[in-house]
Amino acid sequence: MIDKSEIEIAYKNAIHFTKSHYENFPVLSVFVPKHLQKHVAIVYQFARQADDIADEGTFTVRERIVKLAEYEKQLDDSLNGIYNNYFWLALANTINNFQLTTSNFKNLLIAFRQDLTKTEYETFDELLNYCKYSANPVGRIILELNGIKNENAFNYSDSICTALQITNFLQDVSIDFKKGRVYLPEADMANYNVDVNIFNTKINDSNFQALIKNEIEIVQKYFDDGKKLLPYLPFGLKQQIKWTIRGGIGILAKIENFKYDVLNKRPKYSKVDLIKLLLNIKIR
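Residues numbered from 1 in each chain as written. Predicted model: local features only at pLDDT ≥ 70, side-chain atom pairs only at ≥ 80, totals over all residues. Heavy atoms only, no water.

Draft legend 1. Molecular detail of the pattern of salt bridges. In this structure the tally under the stated criterion is 14 salt bridges. Notably, a salt bridge pairs Lys106 with Asp76, separated by 2.5 Å at the nearest N-O pair. With Lys106 in helix α5 (residues 102-117) and Asp76 in helix α3 (residues 61-79), this residue pair connects regions lying 30 residues apart in the sequence. Residue classification places Lys106 among the partly exposed positions, given a relative accessible area of 24%. Taking the shortest distance from any N to any O, the salt bridge between Arg266 and Asp172 comes out at 2.5 Å. Of this pair, Arg266 sits in the loop between α13 (235-257) and α14 (271-279) while Asp172 is found in the loop between α8 (151-171) and α9 (173-178), placing the two residues 94 residues apart along the sequence. A relative accessible area of 31% places Arg266 in the partly exposed class. Sharing partners across several salt bridges, the network here consists of Glu72, Asp76, Lys106 and Arg113. (Salt bridge = Lys/Arg side-chain N within 4 Å of Asp/Glu carboxyl O. Helix = DSSP H or I, 4+ residues; strand = E, 2+ residues; numbered from the N terminus. Buried < 20%, exposed > 50% of the residue type's maximum accessible area, 1.4 Å probe, protein only.)

Draft legend 2. Main features of the packing of aromatic side chains. The final tally for this structure, using the stated rule, is 13 aromatic pairs. Measuring from centroid to centroid gives 4.9 Å for Phe87 and Trp88, while their planes differ by 70°, and the two rings are edge-to-face. Across this residue pair, the class does not change: Phe87 and Trp88 are buried. Aromatic side chains Tyr130 and Phe169 sit 5.9 Å apart centroid to centroid with 35° between the ring planes, which places their arrangement in the tilted category. Taken as a pair, Tyr130 in helix α6 (residues 124-134) and Phe169 in helix α8 lie far apart in primary sequence, 39 residues in all. With respect to class, Tyr130 is no different from Phe169; both count as buried. Lying across the ring of Phe59, Lys67 places its NZ or CZ 4.5 Å from the centre. Seen from the ring of Tyr121, Lys118 lies directly overhead, with NZ or CZ sitting 5.0 Å from the centre. (Phe/Tyr/Trp six-rings, centres within 6.5 Å; stacked < 30°, edge-to-face > 60°. Lys NZ or Arg CZ within 6 Å of the ring centre and 35° of its normal.)

Draft legend 3. How the structure looks around the side chain of Gln45. Along the polypeptide, Gln45 turns up in helix α2 (residues 34-55). Owing to a relative accessible area of 10%, Gln45 belongs among the buried residues under this scheme. A distance of 2.8 Å separates the side chain of Gln45 from the side chain of Gln49, its partner in a polar contact. Setting aside residues up to four positions removed in sequence, Gln45 forms contacts with Asn13, Ala14, Phe17, Tyr71 and Phe87. (Polar contact = N/O pair within 3.5 Å; in protein donor to acceptor, adjacent residues only side chain to side chain. Contact = heavy atoms within 4.5 Å.)

Draft legend 4. Examining α13 more closely. The first and last C-alpha atoms of α13 sit 32 Å apart over 23 residues, in line with the 33 Å expected at 1.5 Å per residue. Directly beyond the C-terminal end of α13, a positive phi value near 60° is found at Lys259. (Expected span 1.5 Å × (residues − 1).)

Draft legend 5. Seen up close, the packing of α5 against helix α7 (residues 136-145). Direction vectors running N to C along α5 and α7 enclose 155°, while the axes themselves pass 9 Å from each other. Between α5 and α7, the angle is such that the two are roughly antiparallel. Considering how the two elements wind past one another, α5 and α7 form a crossing that is left-handed. In this structure, α5 contributes Asn104, Phe105, Asn107 and Leu108 to the contact, and α7 contributes Pro137, Val138, Arg140, Ile141 and Glu144. Classifying every residue of the contact of α5 with α7 gives five nonpolar, two polar and two charged. (Axes fitted to C-alpha atoms, helices over the stretch in contact; angles between N-to-C directions. Parallel < 35°, antiparallel > 145°, perpendicular 65-115°, else oblique. Left-handed = near helix turned anticlockwise from the far one by under 90°. Nonpolar A, V, L, I, M, F, W, Y, C, P; charged D, E, K, R; others polar.)

Structural data, given as structure tokens:
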């Protein structure tokens, strides 16, 4: 028999977990309806825990791959009514109650495994394919939690999530390089005569600036396409997505203000910045 009190404890733990982790924008903002907060939190915890397996600690690549396989088995078990702990029971409860597409959860795990085995991307299309697994499933899950299962909406959501993911890559160029990963496409780097050694020298020359400017212009087009999602959304979610889009575009603007020097600077938001975004939520 399912112990509902233990499920609620798992949800409360998920909310605490979510609020304790830094993101560019609060996952549980004022725009997330109260009845959905615990479900958004449990999904976030699922993704963040998998991300930590892939990135945190001192494990070898092989050990991380094994741990991710174990994590996926626990997901499969939970969907079959076998729960390793109450976190998995709560997650399965959310998936079943909202009839969430389970492949979205599986796709996130594909991305985390890919991070362990693929550290460079030859073309922008390769990067887009990575975003298909690493970012787009999150937007689709959020839509489904809000009762939206429309293919056009999914596609516009994909554009937003892809734009946010690549914005994060531009924001974290130096951090990712320290982890042995380069998300700037090799073909784009070659087009602008940027050598991979620049991540060591950290010289923000005109070629590198032109490369980052080009990437920003591409990402902006994905944000513009993603704005077409807004008419499909209920009021609260619409405000959340507006805020998120403005936030992503704001990070790009900060990079431009830094003269594209993501080799030496990491743009991020202060609490004051987030409040300003909140107070000026209309998208230009």
